[in-house]
Amino acid sequence: MGQIAGRFTRVEPRRRAWNLVLGLLSDLPRKNCWSIAEWAGEASPDGMQHLLGRARWNADRVRDDMREYVLEHLHDEDAVLVVDETGDAKKGTHTVGVQRQYTGTAGRIENAQVAVYLVYAGRRGHAAVDRELYIPRSWTCDPDRCRAAGLGEDTAFATKPELAARMIGRFLDAGHRVGWVAGDEVYGGNPKLRSALEERDTGYVLAVACSHEVTTSAGKFRADTLASKVPKRAWQKLSAGAGAKGHRFYDWALINLPNPRPGSHQLLSRRNRTTGERAYYRCWSPTPAPLTTLVRVAGSRWRVEETFQAGKGLAGLDEHQLRRYTSWSRWVTLAMLAHAFLAVVRADEHTRHPSPDGLIPLSCNEIQRLFTTLVVQPVHDVAHRLAWSAWSAWRRRHQARAQASHYRRQAASQK
């Protein structure tokens, strides 16, 4: 929190940001402006709502500070940038960016808000370092709707791969170097993103669909058709990294692809040793990379799922109840910072105590429990207990206004 303190010109928003991050790290069953403000001992949620909506501070500058914090503590020469999106189910149509769209979180089409994240994944740990909200065409074609949600009237539509390229560009433009980028089929199937990475001399291992076409000296082939021609001896058993139940072993095969552009172009195939299910990756690197390196990068993609799970489960990344873009970006940035803190503490503890006797290394979940118990848990003194009664009155007053407003709308609709 000291690292981002200079981004707040007044002491009040700085203190509230402190309390908000502590609230995000707490064991509250539901984390939003109301619950965190009550937990922090404030008389109403107005202060927290002001911090997220109207107070003068720049979430992008805080994001930059957080990125520096993550890289300072989790730096790894072999780190991978992983791009992926996640969706949060929403009700209504007024929340910024919401529409009926597919979200992998639900595994189906839902009324949801989708954001793309950039995760820094190294051997010491992993954490999100950037975010971009996906704004569908149904929004960008409606300037009034964009303005009402806090977006500029000139907001242009950008695909998810374009948002990913924007975040990777910011990371590289900040002076940081990374050798590899990983992502799923949404990003691997986009030639513009692949070209942008090649222009920046940044290698990639991006998943593609089985129907993805690649060019060889014998012509164009679907990825699955080309992989089926690989002889049995070309497949190698390698681990894609350690999972919850041990190493994830698959069979892998690599096919070199001729290309007039500089660099090494390859198609990587993965085969499940039990089911035979296959996956395919487009690979590029400035110089030829061994199969073991490409497999390691491909396996790094699972880190983004772990980041989403921890960010949502431990730091309230998806629990915001905010309609406007400014509030969304501020909440998400502070939630990313809260998760990054857990990831850094975990990495430092593993360095100090790599093999504790009879114990598994500390996880982010366990660190949060210890931190909540020893540091975050507020002392409920008399003043705090008195505030609870004020909150009870505030909630009932708010509910009465909402009920009266509902009845008025209902009566008006029946005329």
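Relevant structure appears above.
Quick look at the structure, then. No experiment lies behind these values; they were computed from the predicted model shown.

1. Looking at the overall build of the chain
Here is step 1: When its secondary structure is counted, the chain shows 15 helices and twelve strands.
Here is step 2: Overall size of the chain, expressed as C-alpha extent along the three principal axes, is 75 × 65 × 40 Å.
Here is step 3: In the chain, which comprises 415 residues, the proportion classed as buried is 48%.
Here is step 4: Here the chain displays about 21100 Å² of accessible surface, and carbon together with sulfur accounts for 50% of that area.
Here is step 5: Taking the average location of the 61 positive side-chain charges in the chain and that of its 43 negative ones, the two points are 4 Å from each other.

2. Describing the packing of helix α11 (residues 291-300) against helix α12 (residues 302-315)
Here is step 1: Close contact between α11 and α12 brings their axes to 4 Å; oriented N to C, the two are set at 20 degrees. By the angle between their directions, the pair α11 and α12 is classed as roughly parallel. In this structure, α11 uses A298, G299 and S300 to contact α12, whose residues at the interface are W302, R303 and V304.
Here is step 2: Tallied by class, the residues present in the contact of α11 with α12 amount to three nonpolar, two polar and one charged.

3. Observations regarding the pattern of salt bridges
Here is step 1: Counted according to the given criterion, the structure contains 27 salt bridges.
Here is step 2: The residue R16 makes a salt bridge to E42 at a minimum N-O spacing of 3.1 Å. Placement of the pair is R16 in helix α1 (residues 11-25) and E42 in the loop between α2 (33-39) and α3 (46-53), with a sequence separation of 26 residues.
Here is step 3: By relative accessible area, which is 25% here, R16 ends up partly exposed.
Here is step 4: Residues R67 and D64 are paired through a salt bridge, measuring 3.4 Å at the closest nitrogen-oxygen approach. With R67 and D64 both in helix α4 (residues 59-74) and three residues apart, this pair spans about one turn of that helix.
Here is step 5: What makes D64 buried here is its relative accessible area of 17%.
Here is step 6: When salt bridges that share partners are traced, they join D60, R61, R63, D64, R67, E68, D130, R131, E132, R166 and R170 into one network.

4. Topic: the layout of surface pockets
Here is step 1: Roughly 1200 Å³ of internal volume is contained in the largest pocket.
Here is step 2: Contributing to the lining of the largest pocket are 38 residues, with H126, A242, R303, E306 and R346 lying nearest its centre.
Here is step 3: Of all the secondary structure elements, the ones that give two or more residues to the lining of the largest pocket are β9 (236-243), β10 (246-257), α11, α12, α13 (325-352) and α14 (364-376).
Here is step 4: Of all the elements, α12 adds the most residues to the lining of the largest pocket, at seven residues.
Here is step 5: Here the lining of the largest pocket is composed, by residue class, of 14 nonpolar, 15 polar and nine charged.

5. Considerations on the packing of aromatic side chains
Here is step 1: Summed over the entire model, instances satisfying the criterion amount to ten aromatic pairs.
Here is step 2: Between Y117 and F308, the ring centres sit 5.5 Å apart and the planes meet at 70 degrees, which makes this aromatic pair edge-to-face. Pair noted here: Y117 is in strand β3 (residues 108-121) and F308 is in helix α12, with a separation of 191 residues, a long-range link.
Here is step 3: Ring centres of W252 and Y281 lie 6.3 Å apart, and the angle between their planes is 35 degrees; this geometry places the pair in the tilted category.

6. Quick word on unusual backbone geometry
Here is step 1: Positive phi, close to 55 degrees, is recorded for D201, a residue that is not glycine.
Here is step 2: Looking at where D201 falls in the secondary structure, it is placed in the loop between α9 (191-199) and β6 (203-208).
Here is step 3: A relative accessible area of 54% places D201 in the exposed class.

7. Overview of a nonpolar patch on the surface
Here is step 1: A cluster of nonpolar side chains, L370, L374 and V375, forms an exposed patch at the surface whose accessible area comes to about 300 Å².
Here is step 2: By the secondary structure assignment, L370 is in helix α14.

8. Some thoughts on the packing of α3 against α13
Here is step 1: α13 packs onto α3 with a crossing angle of 100 degrees between their chain directions and a minimal axis gap of 7 Å. Taken together, the axes of α3 and α13 lie roughly perpendicular to each other. Across the interface between the two elements, H50, L51, L52 and G53 from α3 touch T326, S327, R330 and W331 from α13.
Here is step 2: Broken down by class, the residue content of the contact of α3 with α13 amounts to three nonpolar, four polar and one charged.

9. Comments concerning the side chain of Q266
Here is step 1: Along the chain, Q266 falls in strand β11 (residues 264-271).
Here is step 2: Looking at Q266, the relative accessible area reads 4%, which means it is buried.
Here is step 3: Within the structure, the side chain of Q266 is placed 2.9 Å from the side chain of N256, a separation counted as a polar contact.
Here is step 4: Setting aside chain neighbours within four positions, we find Q266 in contact with L254, I255, N256, L257, Y281, R282, C283, A289 and L294.

10. Observations regarding empty space enclosed by the protein
Here is step 1: Going through the model one piece at a time under the given rule, you end up with one cavity of 30 Å³ or more.
Here is step 2: Estimated volume of the largest cavity: approximately 30 Å³.
Here is step 3: The wall of the largest cavity is formed by A128, T307, G311, L317, A335, M336 and H339.
Here is step 4: Mapped by element, the contributors of at least two residues to the lining of the largest cavity are α12 and α13.
Here is step 5: The element that contributes the greatest number of residues to the lining of the largest cavity is α13, accounting for three residues.

What counts and what doesn't
Residues numbered from 1 in each chain as written. Predicted model: local features only at pLDDT ≥ 70, side-chain atom pairs only at ≥ 80, totals over all residues. Heavy atoms only, no water. Helix = DSSP H or I, 4+ residues; strand = E, 2+ residues; numbered from the N terminus. Buried < 20%, exposed > 50% of the residue type's maximum accessible area, 1.4 Å probe, protein only. Areas by Shrake-Rupley, 256 points an atom, 1.4 Å probe, with all protein chains shown as cover. Lys, Arg positive; Asp, Glu negative; His and termini not counted. Charge placed at Lys NZ, Arg CZ, Asp CG, Glu CD. Axes fitted to C-alpha atoms, helices over the stretch in contact; angles between N-to-C directions. Parallel < 35°, antiparallel > 145°, perpendicular 65-115°, else oblique. Contact = heavy atoms within 4.5 Å. Nonpolar A, V, L, I, M, F, W, Y, C, P; charged D, E, K, R; others polar. Salt bridge = Lys/Arg side-chain N within 4 Å of Asp/Glu carboxyl O. 1 Å grid on protein atoms, 1.4 Å probe; cavity = no way out; pocket = protein on both sides within 12 Å on 5 of 7 lines; lining within 4 Å. Points joined across faces, edges and corners; volume = space filled by probe spheres on them. Phe/Tyr/Trp six-rings, centres within 6.5 Å; stacked < 30°, edge-to-face > 60°. Patch = residues over 30% accessible without salt bridge, like charges linked within 9 Å, V, L, I, M, F, W, Y side chains within 5 Å. Polar contact = N/O pair within 3.5 Å; in protein donor to acceptor, adjacent residues only side chain to side chain.

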